[in-house]
Amino acid sequence: MSKALDDQTLDQLFRTARTHNVLGGEVSDETLRQLYDLVKWGPTSANGSPARFVFVKSQQAKEKLAPALSPGNLAKTLAAPVTVIVAHDLEFYEKLPYLFPHDDARSWFAGNDAAINITAFRNGSLQGAYLILAARALGLDTGAMSGFDNAKVDEAFFAGTKIKSNFLINLGAGDHSQLFPRSPRLPFDEAARID
């Protein structure tokens, strides 16, 4: 086993990290590439890596995204330096001969829509969570959200593909003065047990 991370790192990733509604600053393309290069190492079933990410950064891309946003998420999303569309590819299994070469993992999914859908959604969601942690590790603040019309996002960004949007994550430098007081979390005994 590796040694535990220090308290400052744990704070940055979890304990003092917050979900931000007001994000500014700039996020370079190089930082977005570094971000993906961390995310890609997170574990997924059979190394399937079904997540697909669109980094909405240009004014033109933001205008494409805007009609899909709920009124409460519109202004903050358009103001954020980058919004990540976290999606999953329902044809992820076509990459398994490359990603999982030591077994015929493609055959586990081909023609099995139920397995495809749950595996793509579950593991794409995991990869979206990895993205939040990787962004925090790189010093970015995040604001994940689900207040948008998935069908509109899919039509605008993934038309003609088997890629489906899941959730959005705004990235940038958070304005800590705009944070709500920290909400509580459930204690261990209400959310977990050791059997």
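Residues numbered from 1 in each chain as written. Predicted model: local features only at pLDDT ≥ 70, side-chain atom pairs only at ≥ 80, totals over all residues. Heavy atoms only, no water.

With an unreviewed UniProt entry as reference, the chain is termed Putative NADH dehydrogenase/NAD(P)H nitroreductase AZ78_2173, source organism Lysobacter capsici AZ78. As stated in UniProt under Sequence similarities (unreviewed entry), the record for the chain gives "Belongs to the nitroreductase family. HadB/RutE subfamily." The record held by UniProt for the chain lists under Cofactor (unreviewed entry) the comment "FMN". (UniProt positions renumbered as here; feature names shortened; annotations may be inferred.)

### Looking at the UniProt feature "domain: Nitroreductase" (unreviewed entry) in the chain
Following the UniProt record, one finds the feature "domain: Nitroreductase" (unreviewed entry) at residues 27–157. Segment residues 27–157 splits into 49% helix and 15% strand. End C-alpha atoms: 21 Å apart. (Helix = DSSP H or I, 4+ residues; strand = E, 2+ residues; numbered from the N terminus.)

### A short note on the environment of Leu140
Among the secondary structure elements, Leu140 is positioned in the loop between helix H6 (113–137) and strand S4 (141–145). You can call Leu140 buried: its relative accessible area is 10%. Through-space distance from the C-alpha of Leu140 to that of Gly174 is 7.9 Å; in sequence the pair is 34 residues apart. In contact with Leu140, not counting residues within four places along its chain, are Val27, Thr31, Ala135 and Gly172. (Buried < 20%, exposed > 50% of the residue type's maximum accessible area, 1.4 Å probe, protein only. Contact = heavy atoms within 4.5 Å.)

### Some words on the side chain of Asp141
Structurally, Asp141 can be placed in strand S4. Setting aside residues up to four positions removed in sequence, Asp141 forms contacts with His20, Leu23, Asn170, Leu171, Gly172, Ala173, Gly174 and His176.

### A look at the pattern of salt bridges
Counted according to the given criterion, the structure contains 7 salt bridges. Here Arg15 makes a salt bridge to Asp11, at a shortest N to O gap of 2.8 Å. Of this pair, Arg15 and Asp11 both sit in helix H1 (residues 7–15), 4 residues apart, roughly one helical turn. For Arg15, a relative accessible area of 44% gives the class partly exposed. Here Arg106 makes a salt bridge to Glu94, at a shortest N to O gap of 2.9 Å. Here Glu94 lies in the loop between strand S3 (82–89) and helix H5 (96–99) and Arg106 lies in the loop between H5 and H6, a separation of 12 residues in the sequence. Overall, the relative accessible area of 31% leaves Arg106 in the partly exposed class. Residue Glu94 is classed as partly exposed on the basis of its relative accessible area of 40%. Sharing partners across several salt bridges, the network here consists of Asp7, Asp11 and Arg15. (Salt bridge = Lys/Arg side-chain N within 4 Å of Asp/Glu carboxyl O.)

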